[in-house]
Amino acid sequence: MAYITCNHLTLGYDGREVVSDLSFLVEKGDYLCILGENGAGKSTLIKTLLCLQDKLGGEMVMGDGLNPYEIGYLPQQTMVQKDFPATVWEIVLSGTLSKCGRKLFYGKEEKKLARESMEKLGIWELRKLCFRHLSGGQKQRILLARALCATSKVLLLDEPITGLDPKVTKEFYQLTKQLNEEGISIIMVSHDIQAVAYASHILHIQQEASFYGTREEYEKSDYWKLFELQGGMRHE
């Protein structure tokens, strides 16, 4: 069974429909890239996948042992997040909170998991540094390590390369590809045309007649022709 199965979803807020008839799957080993113009419903879909917002209609089922708290989430960085006055270790360790249960303090298992995530992403030596003083690329690796502490199954990344220079962007994509090859399913929301090359599947959201299929199917479609012509969707 797929990690996430969505059938004919209708999404919105305050009773107002934003997008309808969304159907797609996220299976183990998938790399799903979610595309769409601003206002198409990408943010609403993220909140629904994280069970922070109810759907208006349709069906969303989590299977293959996936629980909502096991989706590792890397949100878009706000100015507050970029300037957060905490150490790298404190930020990454906070990703284990869902595993602490009723404990008041982080235990050995949580600390071990945080260290393993940091070592995997090559940031262990940064653990004592203040987050606010690091580069954009380092901050994204730290937040990705934090997300990894919550999951071994699914990572949900919201516009993760925004504000990164081309070299760091390429490194970040290579990092997500490596994690995907190790068995973690990736869901990436993006406006970047480069993201398509790394995906196994594409969900291109429109208010009506959204596209879902393999990357190869997408690259033969009119959706891709329009996206390619525009050079990706502008993020405003």
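Computed from a prediction, not measured in an experiment: that's the story for all the values here. (Residues numbered from 1 in each chain as written. Predicted model: local features only at pLDDT ≥ 70, side-chain atom pairs only at ≥ 80, totals over all residues. Heavy atoms only, no water.)

## Concerning the overall build of the chain
When you go through the chain residue by residue, the secondary structure sums to 8 helices and 9 strands. Expected size for 236 residues packed as a compact globule is a radius of gyration near 18 Å; at 18 Å, the chain falls within 12% of this value. Residues counted as buried form 48% of the 236 residues belonging to the chain. Contacts spanning at least 24 positions in sequence make up 67% of the contacts within the chain whose residues lie at least 6 apart. Carbon and sulfur atoms make up 50% of the accessible area of the chain, which totals about 12,100 Å². Counting 28 positive and 31 negative side-chain charges, the chain places the centres of these two groups 9 Å from one another. (Helix = DSSP H or I, 4+ residues; strand = E, 2+ residues; numbered from the N terminus. Rg over C-alpha atoms; globule rule 2.2 N^0.38 Å. Buried < 20%, exposed > 50% of the residue type's maximum accessible area, 1.4 Å probe, protein only. Contact = heavy atoms within 4.5 Å. Areas by Shrake-Rupley, 256 points an atom, 1.4 Å probe, with all protein chains shown as cover. Lys, Arg positive; Asp, Glu negative; His and termini not counted. Charge placed at Lys NZ, Arg CZ, Asp CG, Glu CD.)

## With respect to the sheet that holds strand β3 (residues 31–35)
One open sheet holds the 6 strands; their spatial order is β5-β6-β7-β3-β8-β9, and the pairing between them is mixed. The open sheet terminates on both sides in strands that have one partner only, identified here as β5 (71–74) and β9 (211–214). Within this sheet the neighbouring strands show an average axis-to-axis angle of 15 degrees, counted without direction. Where helix α1 (residues 42–49) meets the sheet, it contacts β3, β5, β6 (154–158), β7 (185–189) and β8 (201–204), and its direction lies at approximately 140 degrees from that of β3. (Pairing = 2+ DSSP bridges. Axes fitted to C-alpha atoms, helices over the stretch in contact; angles between N-to-C directions.)

## Quick look at the sheet that holds strand β2 (residues 16–26)
In space, the 3 strands of this open sheet follow the order β2-β1-β4, with antiparallel pairing throughout. Two strands bound the open sheet, and with one partner strand each, they are β2 and β4 (57–62). The mean angle between the axes of side-by-side strands here comes to 30 degrees, regardless of whether they run parallel or antiparallel. With 5 bridges joining them, strand β1 (residues 4–13) and β4 adopt antiparallel strand pairing. Across the sheet, Asn 7 pairs through a bridge with Glu 59, a residue of β4.

## Points about the packing of aromatic side chains
Under the defined criterion, the tally for this structure stands at 7 aromatic pairs. Aromatic pair Phe 211 and Tyr 223: ring centres 5.5 Å apart, planes at 50 degrees, arrangement tilted. Linking Phe 211 in strand β9 with Tyr 223 in helix α8 (residues 222–230), this pair joins segments that are 12 residues apart in sequence. Note on Tyr 218 and Trp 224: the rings are 5.8 Å apart at their centroids and 65 degrees apart in plane angle, and the pair reads as edge-to-face. The residues Tyr 218 and Trp 224 share a single accessibility class, namely buried. If you follow Lys 139 out to its NZ or CZ, it ends over the ring of Phe 131, 5.6 Å from the centre. (Phe/Tyr/Trp six-rings, centres within 6.5 Å; stacked < 30°, edge-to-face > 60°. Lys NZ or Arg CZ within 6 Å of the ring centre and 35° of its normal.)

## What about helix α5 (residues 136–148)?
Here α5 contains 13 residues, and its C-alpha end-to-end distance of 18 Å stays within 8% of the 18 Å for a straight helix at 1.5 Å per residue. Taken as a whole, α5 has its buried residues at Gly 137, Lys 139, Gln 140, Ile 142, Leu 143, Leu 144, Ala 145, Ala 147 and Leu 148. (Expected span 1.5 Å × (residues − 1).)

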